[in-house]
Amino acid sequence: MKYLDEYRDPELAQRLFAEIRRITTRPWAIMEVCGGQTHSIIRNGIDQLLPEEIELIHGPGCPVCVTPLEIIDKALAIASRPEVIFCSFGDMLRVPGSAKDLFRVKSEGGDVRIVYSPLDAVRLAQQHPDREVVFFGIGFETTAPANAMAVLQAHRLGLRNFSMLVSHVLVPPAISAIMESPTNRVQGFLAAGHVCSVMGTWQYQPLVERYRVPIVVTGFEPLDVLEGIRRVILQLESGRAELDNAYERAVRPEGNVAAQKVLSEVFEVTDRAWRGIGVIPQSGWRLRDAYRAYDAETRFAVSDIQTRESPICRSGEVLQGMLKPNQCAAFGKECTPRTPLGATMVSSEGACAAYYHYGRFIKAEEVGVAR
Amino acid sequence: MCLGIPGQIKEIYEMNGIRMGKVDFSGIVKDVCLAYLPDIDVGDYTIVHVGFAITRLDEQSALETLALFRSIGLLDEELRTDAEEEAA
């Protein structure tokens, strides 16, 4: 595929590794915000091939991982109702709620369906006027335009049997929360390319200025990640803190204006709880009053939610970059992708799942991996 | 779920008043909503998230970035060789 294979070229990767090694003189801690980048880093062994001065801290950019337990439990309660067709992206089905997951609800007779696009759920609502179709609308700024369009389309079509359980989260407030944490070690950020494809890069300039921290927008292929790291290191080594875009082929400074227009039509900013992290002010989107009729939380008054997290799961620390997945005692033992204790072991963007799938059972330094 | 996948627009059509397209992902063709890219054409490359094209891949930038990667190290090798020769 064009623009995919070229950015996986091992020879060019070697050049970037060599260049990064050449310019690095001191220890630096860089956070890749997005779980997609975490997977690219672990799959390609980028963290093990970098100079040992550079530590990559895996960020909270995994939408499945940070969706609050209370919302998962609400989803489970709504999906269990006999009149409901509950539609979700596939990777939400194995996310553990307090007592079970959506797969369990399905096996118990709940009508739970995996859809690829939120518009598929709108189509189901058209096809089944006698059923309540509920879509699990989660994600960062990348999935939000799709979810907003689904609500808008249901509205246009006059569908009264479509609603959405919304739990959207936003990247910039999470960066603020990380920088303001007393335990923060992050000195530079790789910002998530596709979030910026939608929202533009302008939201990050105030963060660069407020926290004096370099932020480089980049993509997901190995060369994109390496170029992002190179540009962060260049800034750190010369004492600069700037906003830079290493992913110009997919990110324009203004973002996708058409998508932003629909987003602000359908959603408004709200405080949001992040699983494993806690409430971050103004860090999410919810439906505006004009579209409240499509809010599944209002339509299905779900009460009696008693949340209970696994007592041994440390995914909160993993999400905040305080713990590497394989430093958790339950990693690969009680907790695997088939029997996950926390959401970070479930998702294709979760750090624990990345470490599991690519065999990082023992920390690199313990087996003496050559750098 | 949140992984963006690059693909090429093969066909553009309308469904329920929404701009849609057939997008080819290395051989797998899927229906994708193009409502957020009103100017994109057949033959263009895009990135798709959960069935929605969110951005147009810019060929010029893609080529420039690759050219930059190719230049990294080459220039440096030459400079270093010169410096080392001078030192020696």
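Residues numbered from 1 in each chain as written. Chains lettered and ligands numbered in written order. Predicted model: local features only at pLDDT ≥ 70, side-chain atom pairs only at ≥ 80, totals over all residues. Heavy atoms only, no water.

What to know about the packing of aromatic side chains
Residue and element names in this part refer to chain A.
(1) Moving on: Under the criterion given, the structure shown has 10 aromatic pairs over all chains.
(2) Moving on: Ring geometry for F220 versus Y247: centroids 6.3 Å apart, planes at 75°, classification edge-to-face. Taken together, the residues span a long stretch of sequence, with F220 in the loop between β8 (215-218) and α12 (222-237) and Y247 in the loop between β9 (243-245) and α13 (257-266) at a distance of 27 residues.
(3) Moving on: A centroid spacing of 5.9 Å and a plane angle of 10° characterise the contact between F267 and W285, whose relative ring orientation is stacked. Of the two residues, F267 sits in strand β10 (residues 267-274) while W285 sits in strand β11 (residues 278-287), which places them 18 residues apart along the sequence. (Phe/Tyr/Trp six-rings, centres within 6.5 Å; stacked < 30°, edge-to-face > 60°. Helix = DSSP H or I, 4+ residues; strand = E, 2+ residues; numbered from the N terminus.)

Let's talk about the packing of helix α8 (residues 144-156) of chain A against α13(A)
All names here are of chain A.
(1) Moving on: At a closest axis distance of 9 Å, the pairing of α8 and α13 adopts a crossing angle of 60°. Considered as vectors, α8 and α13 are oriented oblique to each other. Viewed along their axes, α8 and α13 form a crossing whose handedness is left-handed. Where α8 approaches α13, its residues A144, P145, A148, M149, V151 and L152 are matched on the opposing element by A259, V262, L263, E265 and V266.
(2) Moving on: Its residues assigned to classes, the contact of α8 with α13 comprises 10 nonpolar, no polar and one charged. (Axes fitted to C-alpha atoms, helices over the stretch in contact; angles between N-to-C directions. Parallel < 35°, antiparallel > 145°, perpendicular 65-115°, else oblique. Left-handed = near helix turned anticlockwise from the far one by under 90°. Contact = heavy atoms within 4.5 Å. Nonpolar A, V, L, I, M, F, W, Y, C, P; charged D, E, K, R; others polar.)

Topic: the interface of chain B and chain A
(1) Moving on: Between chain B and chain A, the residue contacts involve 42 residues of the former and 51 residues of the latter.
(2) Moving on: In this assembly, chain B packs against chain A so that about 4,100 Å² is buried in total across both faces, 66% of it on carbon and sulfur atoms.
(3) Moving on: A per-residue breakdown of the area chain B buries against chain A is headed by B:M1, B:Y36 and B:F69, which together make up 20% of the total.
(4) Moving on: For the pair chain B and chain A, the number of links is zero salt bridges.
(5) Moving on: Where chain B touches chain A, the interface holds 12 residue pairs in polar contact (both at pLDDT 80 or more).
(6) Moving on: When contributions to the side of chain B that touches chain A are tallied by element, the ones reaching two or more residues are β1 (5-15), β2 (18-25), β3 (28-33), β4 (45-49), β5 (52-56), α1 (59-71) and α2 (74-87) of chain B.
(7) Moving on: Broken down by element, the residue count for the side of chain B that touches chain A peaks at eight residues, all from α1(B).
(8) Moving on: Residues that form the side of chain B that touches chain A fall into these classes: 25 nonpolar, nine polar and eight charged. (Buried area = accessible area lost by both parts, 1.4 Å probe. Salt bridge = Lys/Arg side-chain N within 4 Å of Asp/Glu carboxyl O. Polar contact = N/O pair within 3.5 Å; in protein donor to acceptor, adjacent residues only side chain to side chain.)

Considerations on the nonpolar core
What tends to happen in soluble globular proteins is that the nonpolar side chains get buried as a cluster.
(1) Moving on: Ranked by size, the top nonpolar core spans 148 residues in total, and within it A:F86, A:F136, A:F162, A:F189 and A:I229 carry the most contacts.
(2) Moving on: By residue number, the principal contributor to this core is α8(A), which donates eight residues.
(3) Moving on: Ignoring sequence-local partners within four residues, the contact set of A:F162 consists of A:A121, A:V122, A:A125, A:V133, A:F135, A:A150, A:V151, A:A154, A:Y294 and A:R299.
(4) Moving on: With nine residues, the next largest nonpolar core counts B:I9, B:V32, B:L34 and B:V48 among its residues. (Core = buried A, V, L, I, M, F, W, Y, C linked by side-chain atoms within 4.5 Å. Buried < 20%, exposed > 50% of the residue type's maximum accessible area, 1.4 Å probe, protein only.)

Digging into the state of the cysteines
Residue and element names in this part refer to chain A.
(1) Moving on: Going through the model one piece at a time under the given rule, you end up with one disulfide over all chains.
(2) Moving on: Across the disulfide from C62 sits C65; the S-S distance is 2.2 Å. On the sign convention where negative is left-handed, the bridge of C62 and C65, at about 70° about the S-S bond, is right-handed. Both residues of the pair, C62 and C65, belong to the buried class.
(3) Moving on: For C328, which is in no disulfide, the shortest distance to another cysteine sulfur is to C313 and amounts to 6.5 Å.
(4) Moving on: Exposure remark for C328: the relative accessible area of 14% places this residue in the buried category. (Disulfide = S-S within 2.5 Å.)

Overview of the pairing of β1(B)
Residue and element names in this part refer to chain B.
(1) Moving on: As paired elements, β1 and β4 share four bridges and run antiparallel to each other. Across the sheet, residue I5 finds its bridge partner in β4, namely V48.
(2) Moving on: Note that β1 and β2 share seven bridges and pair antiparallel. Following the sheet pairing, M15 is matched in β2 by I18. (Pairing = 2+ DSSP bridges.)

Section: the domain arrangement of chain A
Residue and element names in this part refer to chain A.
(1) Moving on: Here chain A is partitioned into domain 1 (5-62 + 181-245), domain 2 (65-170 + 255-299) and domain 3 (315-358).
(2) Moving on: Averaged C-alpha coordinates put domain 1 and domain 2 at centres separated by 31 Å.
(3) Moving on: At the junction of the two partners, domain 1 supplies 11 residues and domain 2 supplies 14 residues.
(4) Moving on: Between domain 1 and domain 2 the total buried area reaches about 930 Å² when both faces are included, carbon and sulfur atoms providing 72% of it.
(5) Moving on: When the area that domain 1 buries against domain 2 is broken down by residue, the three leading residues are C62, V198 and M199, summing to 53%.
(6) Moving on: The interface formed by domain 1 and domain 2 holds zero salt bridges in total.
(7) Moving on: Between the two partners, domain 1 and domain 2, sit six residue pairs in polar contact (both at pLDDT 80 or more). (Domains from an automatic or database assignment.)

Observations regarding unusual backbone geometry
Trans peptide bonds make up most of the peptide bonds, and negative phi angles are found at most residues other than glycine.
Residues and elements named next belong to chain B.
(1) Moving on: Backbone geometry places N16, a non-glycine residue, at a positive phi of 50°.
(2) Moving on: By the element assignment, N16 lies in the loop between β1 and β2.
(3) Moving on: You will see that V50, though not glycine, has its phi angle at about 40°, which is positive.
(4) Moving on: By the element assignment, V50 lies in the loop between β4 and β5.
(5) Moving on: For V50, a relative accessible area of 4% corresponds to the buried category.

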